[in-house]
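# Structural characterization, general
What follows is the residue order along each chain.
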Protein chains: 4
Amino acid sequence: MLSIETIQVGELATGQALTVPIYRYHQGRLGPKVYLQANVHGAEVQGNAVLLQLLERLKSCTLNGEVTIVALANPMGINQKSGEFTLGRFDPITGVNWNRQYLGNHIDVQHWLKQQSLNDIEAVYRDFRELLVEETHAALQSSWGLTTGQHLCYRLQALAQQHDLVIDLHTGPKSTRHLYCPKVLADAASTFNIGCVLMMPNEFSGAMDEACFHPWWQLKQLLSQQGIDAPMAVEAFTLELGSQELIDLKAADDDALGILSYLKYKQVIDDDIQPERMTRYACELKDYRKLHAPKGAMVEYHATLGVPHKQGQVLAKLLSMENLNEQPAITELHAPADAIPVLHFASAAVHQGTELFKLMTNYYEI
Amino acid sequence: MLSIETIQVGELATGQALTVPIYRYHQGRLGPKVYLQANVHGAEVQGNAVLLQLLERLKSCTLNGEVTIVALANPMGINQKSGEFTLGRFDPITGVNWNRQYLGNHIDVQHWLKQQSLNDIEAVYRDFRELLVEETHAALQSSWGLTTGQHLCYRLQALAQQHDLVIDLHTGPKSTRHLYCPKVLADAASTFNIGCVLMMPNEFSGAMDEACFHPWWQLKQLLSQQGIDAPMAVEAFTLELGSQELIDLKAADDDALGILSYLKYKQVIDDDIQPERMTRYACELKDYRKLHAPKGAMVEYHATLGVPHKQGQVLAKLLSMENLNEQPAITELHAPADAIPVLHFASAAVHQGTELFKLMTNYYEI
Amino acid sequence: MLSIETIQVGELATGQALTVPIYRYHQGRLGPKVYLQANVHGAEVQGNAVLLQLLERLKSCTLNGEVTIVALANPMGINQKSGEFTLGRFDPITGVNWNRQYLGNHIDVQHWLKQQSLNDIEAVYRDFRELLVEETHAALQSSWGLTTGQHLCYRLQALAQQHDLVIDLHTGPKSTRHLYCPKVLADAASTFNIGCVLMMPNEFSGAMDEACFHPWWQLKQLLSQQGIDAPMAVEAFTLELGSQELIDLKAADDDALGILSYLKYKQVIDDDIQPERMTRYACELKDYRKLHAPKGAMVEYHATLGVPHKQGQVLAKLLSMENLNEQPAITELHAPADAIPVLHFASAAVHQGTELFKLMTNYYEI
Amino acid sequence: MLSIETIQVGELATGQALTVPIYRYHQGRLGPKVYLQANVHGAEVQGNAVLLQLLERLKSCTLNGEVTIVALANPMGINQKSGEFTLGRFDPITGVNWNRQYLGNHIDVQHWLKQQSLNDIEAVYRDFRELLVEETHAALQSSWGLTTGQHLCYRLQALAQQHDLVIDLHTGPKSTRHLYCPKVLADAASTFNIGCVLMMPNEFSGAMDEACFHPWWQLKQLLSQQGIDAPMAVEAFTLELGSQELIDLKAADDDALGILSYLKYKQVIDDDIQPERMTRYACELKDYRKLHAPKGAMVEYHATLGVPHKQGQVLAKLLSMENLNEQPAITELHAPADAIPVLHFASAAVHQGTELFKLMTNYYEI
């Protein structure tokens, strides 16, 4: 019931194929199709452990539908080192973020919808899905070629588009768990065991989750204008499960449980797995703000991630040793607003302007 | 008449200031203010040599106005090596292109213009310029800080904004000379000694030239709607002068002459320096297309840069040695359309998807 | 009593000087001269915090002699990023380790000693020290130039050579505290608060500590052959204080105390600061062994650093997801001998052959 | 007659095998076994083109013996980019040069030879070769593992050791053709079409050529002490064929011809291919000297590579723009001795201490 298949997502200078193993697991029962991928950013390895633990736990669940698991999704990003660390956040040649190269929807949905019969919404949905997959396959054939990142992203996308629930596993640099949740899917946010939620506008800016849910949200809106209250055929989320450059099998099992809780909510499994009781905070994506280093310095990080801080509270201490007779060695960095620090930079040596923290402002409980 | 001043554009982790020397040259005559900068991309060093030769030639010209020269404009980008080469196209931490971090105009120009008296256009221009500089200075004070690239770009921009003619010197990887010219300034394109011209839409996407001319083009349009035919107060261009990682003092002197030819056209100098007679090709920026490597390979480049090629002509040969008994060792890469190759990739070993060539399509003579 | 001076240790491509601030602290009492430096490897920032805390504590001590403090000793290494992390272990152009470029002693000590009068050993010592400093200064004048690393190292070395006690602060990647101690100085090992000690042969392989003590050990041996039992005029140690990419002011203060304990032992301070009671393990440098990744994998580290492990004990779990139907997802990595793991690799994604652990074998208590 | 086989030389973090295709070509005639490899340094791609052209030419030659061809020998080094260029000179994690990780001979040859019968030298040779290969295979089994580079190098070495003539193809950064020739094989130097020859002492410092010829030179010496004048059973050379990051099929064919000229000299082919008439210069390896940048600067390279220069002749011009009012913009770099510049640095932006040139001094014609 666990089948494996390999897809090619690129080719290296030596001619060697870049391949990714695709696992499909089912128990022969009908139900939603779930797609999970991990490690599109090379240093964010923990998602692989989560997928492994999830697969293990699924084996003792009652599964309706099918789960597709794509671990180690970006072999070039994962294998690219610079010094001891993995240099896998962006294409080392172009600097483009690996998770900003998915294909946006160029279909004129309004025009297309006019040509469909609205009597059979299921057929509309089925045809729309086919159209999306075709569009991705067509893009893969461009006579001018694609970027290295598009070769990877479009192939993963063509696969993900054939599923109903899409979960993209990432991590922050040094981070507490957080969830990117499309606003139209806000109800699902509390079914994961994640305390910090970023509510994304229903827009596309190149990421996998957006690429998956956005066309369906366009369709839903247009149908709504026709008086038809249709559900979202596709749900998509990005889960940021802790810190990069770290494998922790116990934490991975906890996170597998959190994903199962969502799958239970979506009736993919029958087992009684409920979300943890916990305080969950959310803010709009526009209120998720970056705090940059005001100076070049060595940094001692002080903020407790995931916990509300008051404006003016110390987030970090900055050490400078340029002139100890005239300048203080240590200056404090304060929260510029009431905020929840969600992640901080991975290194303790920062240039002026380095993104030191990302903080949720104007946050609220959900 | 040559004065020097140093500005700080950032601070390194050790606390050391990143500084850039600013040279100002004049001969005491009134006239336009010219700003030239070079080497915002770290490997594109040739512009420094051009500025040096230009300064030398200016000393024997009759100069009206003032010339500001900013060589070695991005010290972090220039000093950042990875292996033997300069890794200076993007911030090594974030991957963001150093030339995509200038400040866009957030002023509501329409609203602002309503509050001005249109009787004194010169005053409108003067106040608008002040407003732009103020906006840049305000952005430098953000309580959330700025990125490392913004620290650099905003400071260069605040300086450039106080000038009338702005020239940003770059190079391609392996490249023939080419010019990014705003469409509204198309007349000036033939005054440089550059054979390939990319006509840019009047839009902003983060680069220095756009940041400088775009607000003025907005203003010009709005004045035009009021029946006022006002000139562009600011002209801005990006010149790509050959290949990166190369200093060639003779070629630099040729390019200095080309810039002087434009300055003569703008009456900044009185000397009789005319543009070279040469065939000049142009195309719209949207027709300037990237051709990506269809496979991973070793590459022998064949195209002659700057010269029209027919669709189907061989641009490169791709060597693979994976399986010589079953696959040909050498395959050809053909032009997918009639096109002028302007630049090609710097390395001979490429992954699938590498941007091998940039080509002008739908080109025309100017 | 704290004076500051700046030395130049290199020059960047932009022409900017690489400078290091040198602090000298004394209380006007005679005594040994102590040299401490930190952060020659760019990511090993914690030593800077230790030096800061040490300076603070020294102010309330009774100090005989003088302490020279060189924090942020390698500005190029510290400021060189690649991705989020500091790429500061080796010259990014040549790959040569920054701590392997100090000048070896090319003096024929035997020949030189024959020309000295052995009646005045103090004069011999004084002249020998002068000779060493002169040799370093001469090397800085080579008509063929020096490498970038030699420019840095020789200048630091010329400074350090003028001191009696030399301490070079480093960190491991993820590491417990450990000490590189020359065998001839083994008695001092127990005066630091460091549980793991590597006993170095009295040889030179390019590092600062070796460069400082090795010529004196040569001299001591030759004097011993003349029946003169002379002390080591210079002591030198490398302290590895925890993990890289981390500033921890509390741990830094603990380590400052440990250094003071050694300085008390050397009568540099009068205050009653005693070494902590703790189990201290040592092994010969040749028994400090590297364990390499047997395969490419994701790694969960299990070993407790600084603690004896039995042969066969699990040090790490290796995750692979290539073929879950045929291979186990998780394999264990076992200690190949009874050993104390001292440090492990910084990243959780490793190629085959990556140095996963360094372990003390054939260790003993001291 | 062309067979292909694939060997594994490592494993990436994702679990993907690093493989290298091995081609074997013969025409069924007995004769020497020749091993050629290319591209152990990732950016030095031209050797692949040379091997391709050589294989093509061999097909129309009369070949005695067998030729083994290993192109793209270091897939990790070739595929590792940083920015546009290949970062393939050293392991990106450790900084260790890929061509300094071959296995040195740890056999006590003197002791071993005592146990052999010297009546049958051929048997001695055969057994010695077996011993060397066994030693390499044993090293591959270490319970502590090997470095990533050793995994690659030892496997290539075990293969090369089974051949009689070993040629390792490299390139310089920007370089004229040059040859590393063991002194004991000096006679062969004039059979290649290479104008600059470095005469290597008969020592081992980690490179492929040394690893191959050095044990045989030890054996030859010991036999000589027994009054037996035995030939070198194995010859090994490193050929540096031009510049890195460049594929030039025409130049590759010229170089294929040069290799054939050597193979004719060794009677591997019967065809009448003679070495070109040309001036060939040689010097001892110790006289092959590095000239480092005296300051940080932009560099215009002036020296003509491969041609004798007089002491004091201009090799490069260094541009600085720090303070044009007080310092000259351009300073000259002169040859510190009569010398032949063989290669120069690949980039035009250099820090103080960068290896700008390598020059042959005390050179002589051969």
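What counts and what doesn't
Residues numbered from 1 in each chain as written. Chains lettered and ligands numbered in written order. Predicted model: local features only at pLDDT ≥ 70, side-chain atom pairs only at ≥ 80, totals over all residues. Heavy atoms only, no water. Helix = DSSP H or I, 4+ residues; strand = E, 2+ residues; numbered from the N terminus. Rg over C-alpha atoms; globule rule 2.2 N^0.38 Å. Buried < 20%, exposed > 50% of the residue type's maximum accessible area, 1.4 Å probe, protein only. Pairing = 2+ DSSP bridges. Least-squares fit on C-alpha atoms with pLDDT ≥ 70 in both. Contact = heavy atoms within 4.5 Å. Buried area = accessible area lost by both parts, 1.4 Å probe. Salt bridge = Lys/Arg side-chain N within 4 Å of Asp/Glu carboxyl O. Polar contact = N/O pair within 3.5 Å; in protein donor to acceptor, adjacent residues only side chain to side chain. UniProt positions renumbered as here; feature names shortened; annotations may be inferred.

## With respect to the overall build of chain A
- Looking only at helices and strands, one finds seven helices and 20 strands in chain A.
- What you see for chain A is a C-alpha radius of gyration of 22 Å, in line with the 21 Å of a compact globule of 366 residues.
- Seen through its principal axes, chain A has C-alpha atoms that stretch 80 × 50 × 45 Å.
- Burial status across chain A gives 66% buried among its 366 residues.

## Topic: the pairing of strand 14 (residues 297-301) of chain A
Residue and element names in this part refer to chain A.
- With five of five residues buried, strand 14 is to be regarded as a mostly interior element.
- On strand 14, burial covers both faces: A297, V299 and Y301 on one face and M298 and E300 on the other are all buried.
- The pairing of strand 14 with strand 18 (residues 349-350) spans two bridges and is antiparallel. Note on strand 18: the bridge partner recorded for M298 is A349.
- Two elements, strand 14 and strand 15 (residues 314-319), share four bridges in a ladder whose sense is antiparallel. Residue pairing for strand 15: E300 is matched across the bridge by K317.

## A look at the relation of the copies chain C and chain A
- Each copy superposes on the other: chain C lies on chain A with an RMSD of 0.0 Å after a rotation of 180° and an axial shift of 0.0 Å. On this basis, the relationship between the two copies can be described by a two-fold rotation axis. When C-alpha positions in chain C are compared against the rotation axis, the closest is assigned to C:S82, at 3.2 Å.

## Considerations on the interface of chain C and chain A
- Taken together, the contacts link 50 residues of chain C with 50 residues of chain A.
- In total, chain C and chain A occlude about 4300 Å² of area from one another, counting both sides; carbon and sulfur atoms represent 67% of this.
- Taken as a group, C:E84, C:F85 and C:M321 account for 17% of the area that chain C buries against chain A, more than any other trio of residues on that side.
- For the pair chain C and chain A, the interface holds zero salt bridges.
- The interface formed by chain C and chain A includes 25 residue pairs in polar contact (both at pLDDT 80 or more).
- By residue number, the principal contributor to the side of chain C that touches chain A is helix 1 (residues 46-58) of chain C, which donates four residues.

## Some thoughts on the sheet that holds strand 16 (residues 330-334) of chain A
- Strand order in the open sheet formed by four strands is 16-15-14-18 (chain A), and the pairing between neighbours is antiparallel. The strands lining the two open edges of the sheet, one partner per strand, are strand 16 and strand 18 of chain A.

## As for the UniProt feature "domain: Succinylglutamate desuccinylase/Aspartoacylase catalytic" (unreviewed entry) in chain A
- With numbering matched to this structure, UniProt assigns "domain: Succinylglutamate desuccinylase/Aspartoacylase catalytic" (unreviewed entry) to residues 31-265 of chain A.
- Summarising residues 31-265 of chain A: 39% helix, 19% strand, and an end-to-end C-alpha distance of 13 Å.

## Section: the relation of the copies chain B and chain D
- The operation relating chain B to chain D is a screw motion whose rotation component is 180°, with 0.0 Å of axial translation and a residual RMSD of 0.0 Å.
- When the interface residues of chain B are mapped onto chain D, 100% of them again fall at the interface, so both copies present the same face.

## Comments concerning the interface of chain B and chain D
- The interface is formed by 50 residues belonging to chain B together with 50 residues belonging to chain D.
- Both faces considered, chain B and chain D share a buried interface measuring about 4300 Å² in area, 67% of it formed by carbon and sulfur atoms.
- Counting across the interface, chain B meets chain D through zero salt bridges.
- Viewed at the interface, chain D and chain B are joined by 25 residue pairs in polar contact (both at pLDDT 80 or more).
- No other element matches helix 1 (residues 46-58) of chain B, which puts four residues into the side of chain B that touches chain D.

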